[in-house]
Amino acid sequence: KPHAVIFDLDGVIVDTAKHHFQAWKQLADELGFNFTEEDNERLKGVSRMDSLNILLEIGGLNKSESEKQELAARKNKRYVEAISVMDESEILPGVLRFLQELKEHNIPYALGSASKNAPLILKQIGLYEKFNAIVDGNSISKAKPDPEVFLRGAEELSVTPGNCVVFEDAQSGIEAGKAAGMYVVGVGDSAVLAGADDYIRTMEEMTVSRLEK
Ligand code: BG6
Ligand code: MG
């Protein structure tokens, strides 16, 4: 039985990829190039600045540090506008049921996200108070695939990493969870996501008894 669970946010608890995509796409339009949904896959789990660097590489553009700050702020302003109107109806299927099950089994759970907007999103969807710990882009110095975010989550829950289960939808996140020495469940297509210990398509497939095996 796991002693604790750590959830990624974007793509696991809530589908924010579409909002990130719209905001990056608008920025690419303004910079004069096309940005596709396929390109957007490369940004999953990647920090805001690293995402901007990938976007600029796709557009074949070079920007100074101060221009990058302005572009990232512009993108984030629009993203925040989009997530500010989110509500609990955007929680992905199976999440609330599984959180309830964890509570019944007295298994604490934390958030381990790259996003600096994680607290706002959790508040919008009504889950902010439910997490025993929140580690997000504001409190970490090394982005996934570095294990920092998950190791901090384990530390804040006072459990050893080997007793934690991580849920991740991004390749960089699966690598981070494995580097932390945790059991990793990939959320998505096992043909696309490599290296996880188990795979589910959505949280609807997950139960505590499945983790006990
Ligand atoms: C991750 C998302 O959770 O957070 C990425 O998967 C995003 O797409 C990253 O770039 C950083 O988010 P934010 O909200 O700090 O710009
Ligand atoms: Mg994610």
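Residues numbered from 1 in each chain as written. Chains lettered and ligands numbered in written order. Predicted model: local features only at pLDDT ≥ 70, side-chain atom pairs only at ≥ 80, totals over all residues.

Defined as follows: UniProt positions are given in the numbering used here, feature names are shortened, and annotations may be inferred rather than shown by experiment.
An unreviewed UniProt entry annotates the chain as Beta-phosphoglucomutase originating from Salipaludibacillus aurantiacus. UniProt annotates the chain under Sequence similarities (unreviewed entry) with the comment "Belongs to the HAD-like hydrolase superfamily. CbbY/CbbZ/Gph/YieH family."

Structural notes on the overall build of the chain
Where we set the bar: Under the scheme used here, helices are H or I runs from DSSP no shorter than 4 residues and strands are E runs no shorter than 2 residues, and both carry numbers assigned from the N terminus. The size measure is the radius of gyration over C-alpha atoms, and the globule rule it meets is 2.2 Å times the number of residues to the 0.38 power. Residue burial is a threshold on neighbouring C-beta atoms within 10 Å of the residue's own C-beta, all placed from the backbone, with 20 or more meaning buried, 12 or fewer meaning exposed, and counts in between meaning partly exposed. Here contacts are defined at the residue level, using C-beta atoms placed from the backbone and a cut-off of 7 Å between them.
Regarding its fold elements, the chain presents nine helices and six strands. Its C-alpha radius of gyration of 17 Å places the chain within 12% of the 17 Å reference for a compact globule of 213 residues. Its C-alpha atoms give the chain principal-axis dimensions of roughly 50 × 35 × 30 Å. In the chain, which comprises 213 residues, the share counted as buried stands at 39%. Contacts spanning at least 24 positions in sequence make up 60% of the contacts within the chain whose residues lie at least 6 apart.

Examining the sheet that holds strand S6 (residues 198-200)
We apply this condition: When DSSP finds two or more bridges between a pair of strands, those strands are recorded as paired. Axis angles are defined between N-to-C directions and span 0 to 180 degrees, where every axis is a line fitted to C-alpha atoms and, for a helix, only to the segment in contact.
Ordered in space as S3-S2-S1-S4-S5-S6, the six strands form an open sheet in which the pairing is parallel. Two strands bound the open sheet, and with one partner strand each, they are strand S3 (133-135) and S6. Across the sheet, the mean angle separating the axes of adjacent strands is 20° when strand polarity is ignored. Sitting on the sheet, helix H7 (residues 148-157) touches strand S1 (4-7), strand S2 (109-112), S3 and strand S4 (164-168), and the angle it makes with S3 is about 160°.

Describing the confidence of the model for the chain
Note the following rule: The quantity known as pLDDT measures the predictor's confidence residue by residue, on a range of 0 to 100.
Confidence in the prediction for the chain averages 97 pLDDT; 100% of positions are at 70 or higher. Reported for the predicted complex are a pTM of 0.96 and an ipTM of 0.99.

Here's the deal with the packing of helix H3 (residues 48-59) against helix H4 (residues 65-83)
Which entries qualify depends on this criterion: Working definition: roughly parallel below 35 degrees, roughly antiparallel above 145 degrees, roughly perpendicular at 65 to 115 degrees, and oblique for all remaining angles. Each residue gets one label: Ala, Val, Leu, Ile, Met, Phe, Trp, Tyr, Cys and Pro are nonpolar, Asp, Glu, Lys and Arg are charged, and the others, such as Gly, are polar.
It is at 10 Å that the axes of H3 and H4 come closest, and there the two elements cross at 105°. Taken together, the axes of H3 and H4 lie roughly perpendicular to each other. Only Lys68, Leu71, Ala72 and Asn76 of H4 make contact with H3, whose side of the interface consists of Arg48, Met49 and Leu52. Counted by class, the contact of H3 with H4 contains four nonpolar, one polar and two charged residues.

Some points on the site of ligand 1
As a reminder, the rule being used: We call a residue near a molecule or strand if the C-beta atom, set from the backbone, is within 6 Å of it.
Lining the immediate surroundings of ligand 1 are 18 residues, of which Asp10, Arg48, Ser115, Lys116 and Asn117 lie closest. The residue inventory of the shell around ligand 1, partitioned by class, reads five nonpolar, nine polar and four charged.

Remarks on the pairing of S4
We count it as follows: The handedness of a crossover follows from its direction of travel: if, with the strands pointing away from the viewer, the path from the first strand over the helix to the second runs clockwise, the crossover is right-handed.
Of all five residues in S4, five are buried; the element is thus mostly enclosed. Inspection of the sheet shows S1 paired to S4 by four bridges, in the parallel sense. Paired with Val5 across the two strands is Val165, which belongs to S4. Two elements, S4 and strand S5 (residues 183-187), share four bridges in a ladder whose sense is parallel. Paired with Glu168 across the bridge in S5 is Gly186. Considered for its hand, the β-α-β crossover made up of S4, helix H8 (residues 171-179) and S5 is right-handed.

Here we look at the packing of helix H1 (residues 17-31) against H4
Basically, it comes down to this: In this scheme the crossing of two helices becomes right-handed for a clockwise turn of the near helix relative to the far one and left-handed for an anticlockwise turn of less than a right angle.
Taken N-terminus to C-terminus, the directions of H1 and H4 make an angle of 140°; their axes are 9 Å apart at the nearest point. Taken together, the axes of H1 and H4 are oblique relative to one another. Taken as a pair, H1 and H4 cross one another with a handedness that is right-handed. Residues His19, His20, Gln22, Ala23, Trp24, Gln26 and Leu27 of H1 form the contact with H4, whose participating residues are Leu71, Arg74, Lys75, Arg78, Tyr79, Ala82 and Ile83.

Digging into the UniProt feature "binding site: Mg(2+)" (unreviewed entry) in the chain
Cross-referencing UniProt, the feature "binding site: Mg(2+)" (unreviewed entry) maps to Asp8, Asp10, Glu168 and Asp169 in the present numbering. Across 162 residues in sequence, these annotated residues keep their C-alpha atoms within 8.9 Å of one another, forming a single compact spot. With respect to the helices and strands, Asp8 occurs in the loop between S1 and H1. By the C-beta count within 10 Å, which is 29 here, Asp8 ends up buried.

Notes on the nonpolar core
Counted only if it meets this: Each nonpolar core consists of buried Ala, Val, Leu, Ile, Met, Phe, Trp, Tyr and Cys residues. Their C-beta atoms, within 7 Å, join them into a set.
Core analysis: the biggest nonpolar cluster contains 53 residues, and Ala4, Val5, Ile6, Phe7, Tyr109, Phe150 and Val166 have the highest contact counts within it. Ranked by residue count, the leading element in this core is H7, at five residues.

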